[in-house]
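Fold and geometry: a report
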Amino acid sequence: MLKNYLDNLPNKDGYYGKFGGSFIPPVLEEPFKDIIKAYEELKNSKDFIEELKYVRKHYQGRPTPISYAKNLSQYCGGAKIYLKREDLNHTGAHKLNHCMAEVILAKHLGKTKVIAETGAGQHGVALATAAAYFGLECEIHMGEVDVKKEYPNVVRMQILGAKIITVTHGLKTLKEAVDSAFESYIGQANTSLYCIGSVVGPHPFPMMVRDFQSIIGIESKEQFLEFDGKLPDNIVACVGGGSNAMGIFSAFIENKEVNLYCVEPLGKGSKLGEHAATLTYGQEGVMHGFNSIMLKDKKGEPAPVYSNASGIDYPSVGPEQAYLYSINRTKIGLCDDDEAIDAFYKLSKLEGIIPALESAHAVAYAMKLAKSLNKDKTILINLSGRGDKDIDFVVENYPM
Ligand SMILES: *Cc1c(COP(=O)(O)O)cnc(C)c1O
């Protein structure tokens, strides 16, 4: 079933098993057909591949290294822990991997503007950066709560020339920001491209973002073999929408001996509203244009979610994440707020790397896993981003 996985999934309608698809208003059907057609052309175009390779090497800072976390491994006293350093991307997270490509796509489609939502502000900063580099306008929708919490990123986006739209309804976080960005896009689809921030949304976005992020896995496979002579036994990544996880997982899906862990945020606890552990507690449902697993309230609407990491408090996951979990190819790891904070400080003190709070969830789970495994086992963490954006929030709320 997993043979030639990436060639076979999604199917032509954007389905991974029963998950995915495209649930969009009729006015967007034509624009989405154009996007699918343009992507099919671009994907196989030598010029596109060359341009992407060029910006990744000479602007973005790829390949990113793999670091052996010797001190953290010794501290845990079990499996050896390695880090894929996506924190070293320009702008400090994996998001530029898809943003540079999405903006090239927008240019190819003749658009003058890109629109997106952002949670922690990382996708907004990455998209504003890509838009500046390629000379396009940029409009970013962000919940009021996140605007306050991630203020440095708001300023960054403004300096980069983006227009910020603060979303003040509902819980004022990522879910509302997605709704608002989508609304705005509907009104200007002929001149703009909606650049989604993860492997979510209607087809072809989950596929495109996975393909653009797959560079993480391709590099990791080669680098890890060089480091250790074999593939990692375990790969651990945090999952919000699931793009950094899909990026690293995609190269290893057919290697069934490699365990793939999705780390979900348990926030303050297991009650609805206290966490954003979608795969763990969710049910099948359609939201934001795709069918997947989602957290629902009593009325079947997207439930309120919470995590101290703004980039992963989303009440759904990408359809491919739902699919891989449904066929038991991936496993779940849970990590609550406090464990993430502990990992944030541990990685900083033991390795000299301040992780993003999102990535700290993956680190925390990997530490638990390492302790349960023998020294001959290995764990590769996808360190999705750096924590500079989080330091004020952390020291204020969780003093050293
Ligand atoms: C946005 C973000 C995430 C969550 O997004 P995914 O699509 O699940 O990868 C994780 N880590 C960092 C640093 C982020 O900025």
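Each value, and the rule that gives it
Residues numbered from 1 in each chain as written. Predicted model: local features only at pLDDT ≥ 70, side-chain atom pairs only at ≥ 80, totals over all residues. Heavy atoms only, no water. Helix = DSSP H or I, 4+ residues; strand = E, 2+ residues; numbered from the N terminus. Rg over C-alpha atoms; globule rule 2.2 N^0.38 Å. Buried < 20%, exposed > 50% of the residue type's maximum accessible area, 1.4 Å probe, protein only. Areas by Shrake-Rupley, 256 points an atom, 1.4 Å probe, with all protein chains shown as cover. Lys, Arg positive; Asp, Glu negative; His and termini not counted. Charge placed at Lys NZ, Arg CZ, Asp CG, Glu CD. Polar contact = N/O pair within 3.5 Å; in protein donor to acceptor, adjacent residues only side chain to side chain. Contact = heavy atoms within 4.5 Å. Salt bridge = Lys/Arg side-chain N within 4 Å of Asp/Glu carboxyl O. Near = heavy atom within 4 Å. Nonpolar A, V, L, I, M, F, W, Y, C, P; charged D, E, K, R; others polar. Domains from an automatic or database assignment. Core = buried A, V, L, I, M, F, W, Y, C linked by side-chain atoms within 4.5 Å. Buried area = accessible area lost by both parts, 1.4 Å probe.

1. A look at the overall build of the chain
Summing up its helical and strand segments, the chain has 17 helices and 14 strands in all. Relative to the compact-globule value of 21 Å for 400 residues, the chain shows a C-alpha radius of gyration of 19 Å, a close match. Considering only C-alpha atoms, the chain reaches an extent of 55 × 45 × 40 Å along its principal axes. Counting across all 400 residues of the chain, residues that qualify as buried make up 61%. As displayed, the chain offers around 15,600 Å² of accessible surface, 51% of which is attributable to carbon and sulfur atoms. Positive and negative side-chain charges in the chain, numbering 44 and 49 respectively, have mean positions lying 3 Å apart.

2. Let's talk about the side chain of His141
Turning to its location among the elements, His141 is positioned in strand β6 (residues 137–143). A polar contact is formed between the side chain of His141 and the side chain of Glu139, at a distance of 2.8 Å. Of the polar contacts made by the side chain of His141, one reaches the side chain of Ser180; its length is 2.6 Å. Excluding anything up to four places from it in sequence, His141 contacts Ile115, Ala116, Glu117, Thr118, Ile165, Val167, Ala177, Ser180, Ala181 and Ser184.

3. Description of the pattern of salt bridges
In this structure the tally under the stated criterion is 22 salt bridges. In this structure, the salt-bridge partner of Glu41 is Lys37, at a minimum N-O distance of 3.9 Å. You can see Glu41 and its partner Lys37 sitting in helix α2 (residues 29–43), 4 residues apart, about one turn around the helix. Residue Glu41 is classed as partly exposed on the basis of its relative accessible area of 43%. Assessed through its relative accessible area of 56%, Lys37 is described here as exposed. Ionic contacts of the salt-bridge type, sharing partners, join the residues Arg62, Lys84, Glu86 and Glu219 into one network.

4. Some points on the site of the ligand
With respect to spatial proximity, 18 residues lie near the ligand, and among them Lys95, Ser198, Ser243, Asn244 and Ser384 are the closest. A distance of 2.5 Å separates an oxygen atom of the ligand from a polar side-chain atom of Ser198. Surface burial for the ligand is 97%, taken as the share of its 380 Å² of free accessible area covered by protein chains. Split into classes, the residues belonging to the shell around the ligand amount to 4 nonpolar, 12 polar and 2 charged. If you count residues domain by domain, the shell around the ligand takes at least three from each of domain 1 (29–57 + 95–209) and domain 2 (61–92 + 214–397).

5. Remarks on the nonpolar core
For soluble globular proteins, nonpolar side chains are generally found buried alongside one another. Within the largest apolar cluster, 88 residues are counted, with the highest numbers of intra-cluster contacts made by Val114 and Leu127. It is helix α5 (residues 96–108) that provides the largest number of residues to this core, a total of 8 residues. Counting the residues that make up this core, at least three belong to each of domain 1 (29–57 + 95–209) and domain 2 (61–92 + 214–397). Aside from chain neighbours lying at most four places away, what touches Val114 is Val103, Ala106, Leu127, Ala131, Leu136, Glu137, Cys138, Glu139, Leu193 and Cys195. By size, the runner-up hydrophobic cluster in this structure holds 36 residues, among which are Cys76, Val263, Cys335 and Met367.

6. Digging into the domain arrangement of the chain
Per the domain assignment, the segments making up the chain are domain 1 (29–57 + 95–209) and domain 2 (61–92 + 214–397). The distance between the C-alpha centroids of domain 1 and domain 2 comes to 22 Å. In this complex, domain 1 contributes 28 residues to the contact, which on the side of domain 2 involves 35 residues. Note on domain 1 versus domain 2: buried area summed over both sides is about 2,500 Å², and carbon and sulfur give 59% of it. Our count for the contact surface shared by domain 1 and domain 2 stands at 0 salt bridges. Our count for the contact surface shared by domain 1 and domain 2 stands at 11 residue pairs in polar contact (both at pLDDT 80 or more). Among the elements of the structure, α3 (46–60), α5, α6 (122–134), α7 (144–149), α9 (174–186) and α10 (205–213) are those that each provide at least two residues to the side of domain 1 that touches domain 2. Residue composition of the side of domain 1 that touches domain 2, grouped by class: 12 nonpolar, 9 polar and 7 charged.

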